[in-house]
Each structure stands twice: as C-alpha cells, then as structure tokens.
Amino acid sequence: MKTNLLFSDNNPLKANAFVVTFLLSNHTESAKLWEHKLEEYLLNLKIPEGLRISFNTEISLKKELNGNSDAITVGISYLFMFLYAIWALKRKMGSTRIILGLSGILIVASSVICAAGLLSVLGVKSTLIIAEVIPFLILAIGIDNIFLITHEYDHISEIHPSDSVQYRIKVSMKHIFPSIIVSFICQAGCFLLAALVSMPAVRNFALYSATAVFFNVILQSTAYVSILTLYEINFPTFGESLATETSINSDEKTTSTAKGFYFNILTFKRSIILVFSLWASISLVFLPGIEYGLDQTLAVPQTSYLVDYFNDVYNYLKVGPPVYFVVKNLDLTEAANQVKICGKFTSCDQYSLSSILEKERARSTIVEPLANWFDDYMMFLSPKSSQCCRYEKGTTDVCPLEADHDQCQTCFKHGEWGYDMSGFPEGDKFMRLFDIWINSPSDPCPLGGHAPYSTSIAYNDTKVISSVFRTAHRPLTSQSDFIEAYNDAIRISESFTDLDVFAYSPFYIFFVQYRTLLSLTLSLLIGAITVSYTHLTLPT
C-alpha cells in the first residue's frame, strides 16, 4: 500500500498526520445509522493530550448545515424592523402608529408564508438557505411600499384635511399604486430571470422570492390599505384640532441637516457621474482577478467540527479524490469495441480509453494508473495464470478453488490466447467466461474480479450494460484545484467521440456551475439591465 494513503508524508517517521478511511455501502439505512453512531462516538471520545482528531462522514455536512438555525437572528431582525417601522410611520405631530408598524411586519411575514404554501403545493422544494434568506430579503424590499403608501396618505391629508378618509386613501393609492406596480415588475422580473438557471437550488430560490414579492404587493395593496383606512377613521390624523394651515407651513419650512447636506451634494451632478464612472472603470480592471470558488469552511458554522477537518484535508491529505469514468451502451462482446477501452494489448486502439487516460497522467490533474477491469479480465484468462481461469479436465465446468492443479486445466490452452488479442472471447463465450471472472475471489488468483469490480459493472446474461473505470486526481488543496480537476474530467470525457462516457467524482456536484458561471452571469446581467430599463421607461 502506498504511504500517501495513510500518512501526510512519504516518510512515515516525518508524518504529522495519520489518515484512516472506512469504506461503506451508503445505500442502506444501516450505513447511515453506523455513521450517526460513529459521529457520536468520535465527538465524545477523550483524546490523549498532544493528539487531535478531525473527521467527516457522508452525513456530516448535511447535518451541520441543518443544525445551523438562524431563527433568533430572524426574530431580532424583524423586531428591529418593527421598531423602525413605528418610527418611520409616525405622524408629523409626533404621535406613533404602532398598529400600522405591526401590521406592516405581519404582512411581510404573511407574504413569505403564502409563497411557501403555494409553492409547496406545486411541488417546488425549499432548502435551508431559502428558509433563512427569504424572510430577510422580503423584509428588506417589501416594507418600503408600506412607507410609500402611508407617507403619500399623509401628504394628501395635508392638502385635503377636510375630505373623508376613504377619499384620501383613494387619491393616495391612485398616485402611488403605479409606482408600486412598476417596482414589482422590476423586482419579480429580475428574480424570474434567475429562475432560468439550471441549478435547482438557485431556481427554487428565485421562484420563492418572486412569489413572495407578488403576495407582498397583493397584501399591501389590499390588507394594509384596509388597516390604514380603519386606523385613520378611529384615530384621525388631521382633525381640526390638530391640523392648521400654520402648522403645515411650519412643517414645510423645516428641513433637516441631513436633507440639506444631501441636496447640496446633488448640485454637483457632473462630479458625481465622473466619480462613479472612474470607480466602475477601475473595478472592471480588477474583475479578471476574481477567483472562482467558495471555501468549504465558510459553508458551515465556525464552531463546527468540520472546519478542522476541511483545514486538515488541505494541509495533510496527500491523496486525491477518486474519479470514475462510466462507459455505457458499448457491446464488449464484439472485438471491434474491445479495442476501444483496453490498454495492455498490442491491438488496442491508439486512442482507446485506457491509452488516453494514461497520457492524461502527464498533463492533467489525473495522476493514478487506470483500474481497467477489461484488461484484468483478459489477463485472468491467460493460460500463464494457472491459478485463475480453470476448467475441470475434459469439461467446461469451473474447477473448484481447492482442487489440485492436476485436476484442472486453464480455460485457454497455450497458443489460443495472445497479447495481440487473438483468441479473446466474443459473444456468448465472452459472457460465460465473464461470469467466472466476476465471481472469482482474489485468492488464489489476484486478478479475480469479485473484490475489485463486482460493484463496478452492470450486466445481464447477454452483455455488459455499463461499467466503471477508476483512477484518481492528484491531491487537491484549494478551490481552484477542484475546479481545474472537474474541468479536466469533462474535457477528457468529451474527447471520446465514439464512446458514451461520463466522469464522476463525489465533489463534482459542487463545481458544475463554474463551467457556465461567466456566460450565465453576463446573460443575467443583460436581462436585468433590460428589465430595469423597461422599468425606467414605464410611466408612473
């Protein structure tokens, strides 16, 4: 066994870390239960002084993410927004409107609940990120309509203090509702653009956001307006005893220091445009320097035990992740197809799967020799391997493992099997001998296929349906390494024009989006600019 599989240094005496890997079949409930018990055991294990253990299981990341609940943070955020709403919705005479502030927050929360309910019925799944981010997002962009409606009502009340509340509400909505609709079109349009992204999590997030914004506008235009009307009828803002022409004129003359400073800045329009243009230009210069990737340690709580594990993987693990090339729809009972994947024989195609992957070891992140089951299967049939494929003498019955050599004969006689692939089995004979090989243990014949390949090949009585050819990447110690490794695997897979093949490694799912990230970003930006331009040109 290679030392890099166990130690952080090729010299075990200089190693600072020892690596242990447990391989499980993770398709069963018993495997998941075992992982839970292992996690519980290791977290409660008393480590001797001077040692440290970091670990990860198949369930660890999902469990840690699900345990990262921000319910308290969400509650505090809504509380602060409630207090801000009370302050922002206060009357010019100084009195607060607590009921309006509370109703505004409840409407925002209700829009999130309505969106979640509708999309759940439609089968759109939610994620932990959606559940945690959407409340903040809708709170940030949704409560502004409440301020607009209320402040417009107050403005109309200043102009028409003697008119009925219903009339003032009607005029206010007539003035402000077009702006609300145009704003909704812009917001929902941008979210729906993101729904075109192929990643399910991003698409679902965009759908939840757009739906929540929709319900937010509906509830604010109906429920909040009704609450505002009832509130003003019972607690009138501009009665004869409160609103006078003198007080209105006095309020109009009052300008805060902040507003005065802001309006003074706006007088330097050309300078402002120049500054922001220079800023944007300088930012574009540094844009190519942005690196792809997201550090795994940032995806989990900083108190999680996985943080130490991720850091130790980068620092100490000296073996790369496995990569599997899966070949489908190739009838290997035909000699013309066998040369497309073999590597040890003189008649193998120059650009066979095995030959290409061997060359890639010198120019890509793939560094390990290919575990080629077809080559091992054919070598198993070699008459030189007297302990491997054997018949009982004079028959085609498989010779028992414990049988003496004198009682058995090799499946192929000398001269019937050659390195030029002459005599290699085809058709029914291929599958008959394949059945012997795939069920043969590695002792006494190390080429027996049961241990290394029994779970790597899907087959029936007539053909091999699909199979896996295993190799490995070099040690990957950064996000750029992982992205490069994924790109290498895709490039190699696409180079096999006459094979139906794809590459897989456990980490690929996390880096698929980086292949199309730039083009997708540009497309979304163009779409968002188009929506925004349309928004600016619509009459309000």
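What this report covers is the structure whose coordinates are included nearby.

Conventions we followed
- Residues numbered from 1 in each chain as written.
- Predicted model: local features only at pLDDT ≥ 70, side-chain atom pairs only at ≥ 80, totals over all residues.
- Heavy atoms only, no water.
- Buried < 20%, exposed > 50% of the residue type's maximum accessible area, 1.4 Å probe, protein only.
- Helix = DSSP H or I, 4+ residues; strand = E, 2+ residues; numbered from the N terminus.
- Pairing = 2+ DSSP bridges.
- Contact = heavy atoms within 4.5 Å.
- Polar contact = N/O pair within 3.5 Å; in protein donor to acceptor, adjacent residues only side chain to side chain.
- Patch = residues over 30% accessible without salt bridge, like charges linked within 9 Å, V, L, I, M, F, W, Y side chains within 5 Å.
- Areas by Shrake-Rupley, 256 points an atom, 1.4 Å probe, with all protein chains shown as cover.
- Salt bridge = Lys/Arg side-chain N within 4 Å of Asp/Glu carboxyl O.
- Disulfide = S-S within 2.5 Å.

The element strand E5 (residues 464-472) is extensively covered by neighbouring structure, given that seven of its nine residues are classed as buried. With seven bridges connecting them, strand E1 (residues 322-328) and E5 associate as antiparallel partners. Residue pairing across strands places Val323 opposite Thr471, the latter belonging to E5.

Summarising the element assignment, Ser467 is placed in strand E5. The sequence separation of Ser467 and Thr455 amounts to 12 residues, and the corresponding C-alpha distance is 9.1 Å. With near-sequence residues (within four places) excluded, Ser467 lies in contact with Phe325, Val326, Val327, Trp373, Ser456 and Ile457. Side-chain polar atoms of Ser467 contact the side chain of Trp373, separated by 3.0 Å.

Attention shifts here to a nonpolar patch on the surface. A contiguous nonpolar patch, built from Phe18, Val20, Phe22, Leu24 and Trp34 and spanning about 530 Å² of accessible area, is present on the exposed surface. Mapped onto the secondary structure, Phe18 falls in the segment before helix H1 (29-43).

As a further point, take the pattern of salt bridges. Enumeration according to the criterion identifies 10 salt bridges in this entry. Two residues, Glu39 and Lys63, come together in a salt bridge whose shortest N-O distance is 2.6 Å. Here Glu39, found in helix H1, pairs with Lys63, found in helix H2 (residues 60-66); they are 24 residues apart in sequence, far enough to count as distant. Given the relative accessible area of 2%, Glu39 is considered buried. Take Lys63: its relative accessible area is 39%, and that puts it in the partly exposed class. With a shortest N-O distance of 3.1 Å, Glu358 and Arg361 are connected by a salt bridge. Using a relative accessible area of 30% as the deciding quantity, one classes Arg361 as partly exposed.

Examined against the element boundaries, Asp488 turns out to sit in helix H18 (residues 479-495). Exposure remark for Asp488: the relative accessible area of 10% places this residue in the buried category. The contacts of Asp488, once residues within four sequence positions are left out, are Ser364 and Thr365.

This part covers the state of the cysteines. Across all of its chains, the model carries four disulfides by this definition. Across the disulfide from Cys342 sits Cys348; the S-S distance is 2.0 Å. Its S-S torsion of approximately -135° makes the covalent link between Cys342 and Cys348 left-handed. Here Cys342 falls in the buried class, since its relative accessible area comes to 0%. The residue that forms a disulfide with Cys399 is Cys408, at a sulfur-sulfur distance of 1.6 Å. In this structure, Cys399 and Cys408 share a single accessibility class: buried. Indicated for the protein is the disulfide connectivity 1-2, 3-8, 4-7, 5-6, based on numbering the bonded cysteines in sequence order. A disulfide-free cysteine, Cys186 has its sulfur positioned 4.6 Å from the sulfur of Cys190, the nearest such atom.

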